[in-house]
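Results of the structural survey
Now for the letters of each chain:
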Amino acid sequence: MLKRIYIENFALVEKLEVEFGAGMNVLTGETGAGKSIIVGAIAQLLGERAEKEDVRSGAKTAIIEGAFDIRGLDKKSGAQDEAELVSGETISIRKEIQAKGNTRLFLDSQLVTLAQLRGITVHIADLFGQHSHQQLLDEQNHLQYLDRFAGITPRVENLRLLFEKWQSDRREYEELQRRQERDRTERELLQYQRDEIDKAAIRVGEEEELLAERKILDASVMLGEKSEKILEMIDREETSAIHLLNSCRRELGQMISADEKLRAAQELLETALVNLEEFRSEIERYYASIPDNPERLEEINRRLDTLFGLKKKYGGSEEAILAARNAIEEGLNSTLDVEVRLKYLSEEITRHSREYEKESVEISSIRKKAADRLAGAVQKELSLLGFEQARFEIEFRYDDDPEGVLIENRRVKPFPKGLENGRFLIAANPGEPLKSLVKTASGGELSRIMLALLAANLPQKSGNRRLLVFDEVDSGIGGETARAVGRKLASLAEYYQLIVVTHLHQIASFAQTHYAVEKVEASGARRRTVSIKKLDRGEREKEIKRMLSLPEAIEEKKTSRAQIKRR
């Protein structure tokens, strides 16, 4: 129930505040006075998307605030997702619309998204008329009215929860199967990698040794040639080093016979000869050991290629390859056992499927029986609201699914709220075919159809006064039909809080609270702004008289035009 609304710089409103009462509240005034602007402000609070053009010309920000009494709000309904945002018996909604195009929403001073706001307001109010916040214009909502009429709303909600659990288990089962397949593939890869490394028998330092050996094999010819040349220079030519040193020894021996002081030099020469002999032996041994093995060189090259490939895959060194091998072994040892979980999920899916099938078929049967009763009740109410020969039906549609639920020898696709999609069909005038209500009903017709639905399915009286806003409810009607609409609104006001925009005195006369809307000169400016006033008894009688004079004025204008035309 909307207790209060404050509007500032919205459309033609400069500043406006009004408190609404329980029961039926009507807004009247001349055409263009701004009644629909107030309804538009309420629509903004209920979640309609704002436009920067909604800001009053010359202002930077439009502000709309509303206080709602939410006692009796069913927290177990679809509002459960937003339940943490709602506490206490009242909530305050504030919307700030910037002229630059930005919008901010606050719920009890807490910043919220448009989706969060709609998740709450959809359960406290409905708006019918020229604005877009209308449940009847969404065929997805039509089954809700039927379920409420049939008294199976709690069962349908339980069915939805069962369906979601069923589908959740199916998704988990399929994901586990994919994970199991991925795990199997990964294990095969890990096993291949482990075997590849094991087969290579990696040893730290091997590459360095192989490179050194290959270097020698690559230089074997050069090393042999150089060794032979050294040996020749040491002992194999007349000018070789040993031959020359022996000559030096003979000459030095003769010199020592004359001078013993050369004995130290002779010892140095002898040492040089000994060292040279040892050097020759070392070179001869080395020369004999120089490898000449092309097969070994090819074998080394193949091994180095293997090591290079493994380093490229598993790391830049032998240590990294061995570390990768240890990690692979750990991966193979840490297997995921999903078989138990898959078995459990399979049993749960089967159980949920059977429970859903049983419950959905029963709900479908109840809906079909209730649909005829609701259609008859709505058609009766429509006849009282000016649609004397209107026809109203509820159409059920199913989607075929070979693996779906069997119903009446036909397998159909399951949905969260049952097997069928339902929508309202109407033929407002005789001779017209039944068509979708969403595609054919005008704003005024939609309001009266909603009245018929509400009247056919009144809620239990409680402290919760859900808000219903009717804009253009009197479109295209008058006389006794208008009075019938007024009586119907008055009867609904026992169960709901109503805000009704009307031009007809037949409807306004049934209101508990009456507000007059007009355009007045804005203070200190040559501009007009929208004003609203709660009428007392005398003022209300005066406003009703003004409304009574409208048809007479219209008739006089028609007569005047006809006379001018004849002239």
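Relevant structure appears above.
Figured I'd write up the structure that's included with this text. Please read all numbers here as calculations on a predicted model, not as lab measurements.

With respect to helix H8 (residues 263–289)
- Here H8 is 27 residues long and its end C-alpha atoms lie 39 Å apart, about the 39 Å a rise of 1.5 Å per residue gives.
- Turning to H8, its buried residues are Gln266, Leu269, Leu273, Leu276, Arg280 and Ile283.

Details of the sheet that holds strand S2 (residues 13–19)
- Ordered by their spatial adjacency, six strands build an open sheet running S2-S1-S4-S5-S6-S7, and the pairing between neighbours is antiparallel. The sheet is open, and its two borders are formed by S2 and strand S7 (110–112), each paired with just one other strand. Between one strand axis and the next, the sheet turns by 15° as a mean value, whatever way the strands run.
- Taken together, the three bridges between strand S6 (residues 103–107) and S7 define a ladder with antiparallel strand orientation. Bridging across to S7, Leu107 finds its partner in Gln110.
- Against the sheet, helix H1 (residues 35–46) touches strand S1 (2–10), S2, strand S4 (61–69) and strand S5 (90–98), its axis set at about 105° to S1.

Let's talk about the side chain of Arg56
- As for its placement among the helices and strands, Arg56 is situated in the loop between H1 and S4.
- Buried Arg56, no salt bridge; nearest opposite-charge side chain is Glu14, N-O distance 4.9 Å.
- A polar side-chain atom of Arg56 sits 3.1 Å from the main-chain carbonyl oxygen of Leu12.

Some words on empty space enclosed by the protein
- Counting across every chain of the model gives one cavity of 30 Å³ or more.
- Taken as a whole, the largest cavity holds about 60 Å³ of empty space.
- Around the largest cavity sit Tyr145, Arg148, Leu374, Leu453, Leu454, Asn457 and Tyr496, which together line it.
- Among the elements of the structure, helix H3 (142–150) and helix H13 (443–456) are those that each provide at least two residues to the lining of the largest cavity.
- In terms of residue class, the lining of the largest cavity is made up of five nonpolar, one polar and one charged.

Rules used throughout
- Residue numbers here run from 1 along each chain, matching the order of that chain's written sequence.
- Where local features are concerned, this predicted model is filtered to residues with pLDDT of at least 70; where side-chain atom pairs are given and counted, the filter is 80 or more; whole-chain, interface and lining totals use all residues.
- The side-chain quantities take in all heavy atoms of the structure and omit both hydrogens and water.
- Put simply, DSSP H or I for four residues or longer makes a helix, DSSP E for two residues or longer makes a strand, and each gets a number counted from the N terminus.
- Multiplying 1.5 Å by the residue count of a helix minus one yields the expected span of that helix.
- Only protein chains enter the calculation, and the probe is 1.4 Å; a residue is then buried if its accessible area is under 20% of its type maximum, exposed if over 50%, and partly exposed in between.
- Two strands pair if DSSP finds at least two bridges between them.
- To obtain an axis, a line is fitted to C-alpha atoms, over the contacting stretch when the element is a helix, and the angle between two such axes runs from 0 to 180 degrees between their N-to-C directions.
- Should any heavy atoms of two residues lie within 4.5 Å, those residues are counted as being in contact.
- Neither His nor the chain termini are counted; the positive set is Lys and Arg, and the negative set is Asp and Glu.
- Each reported salt bridge corresponds to a side-chain nitrogen of Lys or Arg within 4 Å of a carboxyl oxygen of Asp or Glu.
- Counted as a polar contact is a pair of N or O atoms within 3.5 Å, where, for protein atoms, one must be capable of donating a hydrogen and the other of accepting one, and residues adjacent in sequence contribute only when both atoms are in side chains.
- Here a cavity denotes grid points, spaced 1 Å and computed from the protein atoms alone, that fit a 1.4 Å probe unable to get out, and a pocket denotes an open set having protein on both sides within 12 Å along at least 5 of 7 lines; residues with an atom within 4 Å of a point are the lining.
- Grid points are joined across faces, edges and corners, and a volume is the space filled by probe spheres set on the points.
- Residue classes follow a fixed rule: Ala, Val, Leu, Ile, Met, Phe, Trp, Tyr, Cys and Pro count as nonpolar, while Asp, Glu, Lys and Arg count as charged, and any other residue, Gly among them, counts as polar.

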